[in-house]
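Chain residues, written in single-letter form:
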Amino acid sequence: MKTTLICTVGGSHEPIVKAIESLRPDFVAFVCSRDDPATGRAGSHVQVTGQGKVIRARREDDKPSLPAIPQQVGLETEQFEVLLVQPDSLDDVYDRVMGWLSARDRERERIHADYTGGTKTMSAALVTAALDDGQVDLHLVSGNRADLTRVTSGTEVMMPASVARTRFRRRLAQAAASWRHHAYDETLDQLESMGPPSEPGLQGDFLRLRDLSRAFSLWDRFDHAAAREVLSPYRQILGRDAGIQPLLVILDYLVGDKPASEPLRLYDLWRNAERRAGQGRYDDAMARVYRLLEWTAQWLLRQYSGIETADVPPDRVPGHVSLTPG
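Every value quoted in this text rests on a predicted model; they were computed, and no experiment measured them.

1. Structural notes on the overall build of the chain
What the chain contains, in helices and strands, is 13 helices and 6 strands. Its C-alpha atoms give the chain a radius of gyration of 32 Å, clearly above 20 Å, the size a compact globule of 326 residues would have. Its C-alpha atoms give the chain principal-axis dimensions of about 110 × 40 × 40 Å. Looking at the chain as a whole, 38% of its 326 residues are labelled buried. Summarising the internal contacts of the chain: among those between residues at least 6 apart in sequence, 55% fall at separations of at least 24. Within the structure as shown, the chain displays about 19000 Å² of accessible surface, and the carbon and sulfur contribution to it stands at 51%.

2. Regarding unusual backbone geometry
Of note, the phi angle at His-182 is positive, near 60 degrees, even though the residue is not glycine. Checked against the element boundaries, His-182 lands in the loop between α6 (164-176) and α7 (184-194). Take His-182: its relative accessible area is 25%, and that puts it in the partly exposed class. The residue Phe-222 is not glycine, and still its phi comes out positive at about 65 degrees. Given the relative accessible area of 32%, Phe-222 is considered partly exposed.

3. Focus: the packing of helix α9 (residues 224-231) against helix α11 (residues 245-255)
Any two packed helices are characterised by the angle at which their axes cross and by the distance between the axes. Viewed as axis vectors pointing N to C, α9 and α11 meet at an angle of 140 degrees, and their least axial separation amounts to 9 Å. In terms of their interaxial angle, α9 and α11 are classed as oblique. Crossing of α9 over α11 shows left-handed handedness. Mapping the contact onto sequence places His-224, Ala-225, Ala-227, Arg-228 and Leu-231 in α9 and Leu-248, Leu-251, Asp-252, Leu-254 and Val-255 in α11. By residue class, the composition of the contact of α9 with α11 is 7 nonpolar, 1 polar and 2 charged.

4. Regarding the pattern of salt bridges
Within the structure shown, the criterion is met by 19 salt bridges. When the shortest N-O distance is used, the salt bridge between Arg-108 and Asp-105 registers 3.7 Å. The class for Arg-108 is exposed, based on a relative accessible area of 61%. For the salt bridge of Arg-106 with Asp-133, the shortest nitrogen-to-oxygen distance reads 2.7 Å. One end of the pair, Arg-106, is in the loop between α4 (90-102) and β4 (109-114); the other, Asp-133, is in helix α5 (residues 120-133), with 27 residues separating them in the sequence. One salt-bridge network, in which partners are shared between bridges, spans Glu-81, Arg-104 and Glu-109.

5. What about the environment of Lys-120?
Considering the arrangement of structural elements, one finds Lys-120 in helix α5. Separated by 30 residues in the primary sequence, Lys-120 and Leu-90 have C-alpha atoms spaced 9.4 Å apart.

6. With respect to the nonpolar core
Counting 21 residues, the largest nonpolar core has Ile-6, Val-31, Val-93, Val-97, Trp-100, Leu-101 and Leu-138 as its most contacted members. Of all the secondary structure elements, the ones that give two or more residues to this core are β2 (27-33), β3 (80-85), α4, β4 and α5. Top contributing element to this core by residue count: α5, with 6 residues. Apart from residues lying up to four places away in sequence, Val-31 is in contact with Ile-6, Cys-7, Thr-8, Val-9, Leu-83, Val-85, Val-93, Val-97 and Met-122.

7. Looking at α9
Within the sequence span of α9, burial applies to His-224, Ala-226, Ala-227, Val-230 and Leu-231. All buried residues of α9 fall inside an arc of 165 degrees around its axis, so they share one side. Buried residues belonging to α9 abut α8 (200-220), α10 (235-238), α11 and α12 (261-278).

8. Comments concerning α12
With 18 residues, α12 extends 25 Å between its outermost C-alpha atoms, agreeing within 8% with the 26 Å of an ideal straight helix rising 1.5 Å per residue. For α12, the complete set of buried residues consists of Ser-261, Glu-262, Leu-266, Asp-268, Leu-269, Asn-272, Ala-273, Arg-275 and Arg-276. Taken together, the buried residues of α12 touch α8, α9, α11 and α13 (282-305). Once α12 finishes, Gly-280 follows within two positions and takes phi at roughly 80 degrees, a positive value.

9. Description of the environment of Leu-191
Inspection of the secondary structure assignment puts Leu-191 in helix α7. Overall, the relative accessible area of 2% leaves Leu-191 in the buried class. With 20 residues separating them in the primary sequence, Leu-191 and Arg-171 have C-alpha atoms 8.8 Å apart. Residues contacting Leu-191, with those up to four places away along its chain left out, are Leu-172, Ala-175, Phe-206, Leu-209 and Arg-210.

What counts and what doesn't
- The numbering scheme is per chain: residues are counted from 1 as the chain's sequence reads.
- Under the rules for a predicted model, residues below a pLDDT of 70 receive no local features and side-chain atom pairs below 80 are neither given nor counted, while totals for whole chains, interfaces and linings still include all residues.
- Only hydrogens and water are set aside when side-chain values are computed; all heavy atoms of the structure are taken into account.
- Runs of H or I in DSSP of at least four residues are treated as helices and runs of E of at least two as strands, each being numbered from the N terminus.
- Both definitions apply: the radius of gyration is a C-alpha atom measure, and the globule rule equals 2.2 Å times residues to the power 0.38.
- Type-normalised accessible area, obtained with a 1.4 Å probe on protein chains alone, sets the label of each residue: buried when under 20%, exposed when over 50%, and partly exposed for intermediate values.
- When checking whether two residues touch, look at their non-hydrogen atoms; a contact exists if any pair is within 4.5 Å.
- Computed by Shrake-Rupley with a 1.4 Å probe, the accessible areas treat only the displayed protein chains as cover when residues are assessed.
- Inter-axis angles, ranging from 0 to 180 degrees, are taken between N-to-C directions of lines fitted to C-alpha atoms, where helices are fitted over the stretch in contact.
- In what follows, roughly perpendicular refers to angles from 65 to 115 degrees, roughly parallel to angles under 35, roughly antiparallel to angles over 145, and oblique to any angle outside these ranges.
- Left-handed is the label given to a crossing in which the near helix is rotated counterclockwise from the far helix by less than a right angle, and right-handed is the label when the rotation is clockwise.
- Lys, Arg, Asp and Glu make up the charged group, whereas Ala, Val, Leu, Ile, Met, Phe, Trp, Tyr, Cys and Pro make up the nonpolar group; the residues left over, Gly among them, are polar.
- Each salt bridge in this description consists of a side-chain nitrogen of Lys or Arg and a carboxyl oxygen of Asp or Glu lying within 4 Å of one another.
- In plain words, nonpolar cores are sets of buried Ala, Val, Leu, Ile, Met, Phe, Trp, Tyr and Cys residues tied together by side-chain atoms within 4.5 Å.
- Along the arc lie the directions from the helix axis toward the C-beta atoms.
- Expected span of a helix, by definition, is 1.5 Å for each gap between consecutive residues, and there is one gap fewer than residues.

Read these as layout, nothing more, since geometry by itself doesn't imply function.
And the structure:
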């Protein structure tokens, strides 16, 4: 499989050279700053595309003494490209990188991203794009530090960035976002495609989201008993949540046979209709409203008049009303 590197380029060439020498990629995309539109000052692309001596070996040197990065690491012209960006626009850098990533052939390429160089905005955008993409291996070049400004020259080493936990939590949050439109089954599908994490600290978050989504999916289908069964193991921990605790009490009433159970089921049907309307499923919402009106009338007749609509005694029918068998 082809190895591809995308890296941000800033004021120092050393981490870029170290990353390329360590990874030995088949192809490199250099994310470089454009020329400054106000001052005309050259952007970092000069370190990649400049001719002759264009890079200072040390920052304190008076003039450049090294060729461009591709020449230093032996890259041929067809082995690299330059992505020009606005160095302080996160949107511009992110869009440029995501556009480049979307065009890659993932079946034939393994993509690595090194965010050591460039402006803070360029690095942040590359990291964000790599996390959102989900298939990019993130790296940085680091080493011994005498201060917080620079790594001591000659001590640089390329190392993988620790992002597995962050990446998983982002995917978990994306799966949970389906709750906003009550698509609990959609969350379950996303969780199934992700699979549980290997890190024990994240497994609890995964399982709770899975079981809560399953419970709310069952509740949405009026299977209150099954929903309560799924939530029962979490009763102690969820009971401390001010938002969840009332829902557990409601489920107990919906499943039970208390005086308040039936009117609560009527209200539950109304809320279900609201959710269907919120999803744009208006036919489903109206079907539930029709049933709600019918059920409400049945409940009121039974509660206050002792009449079961399935078997209304003839003497309880008002004279001006004619009942036709259904």
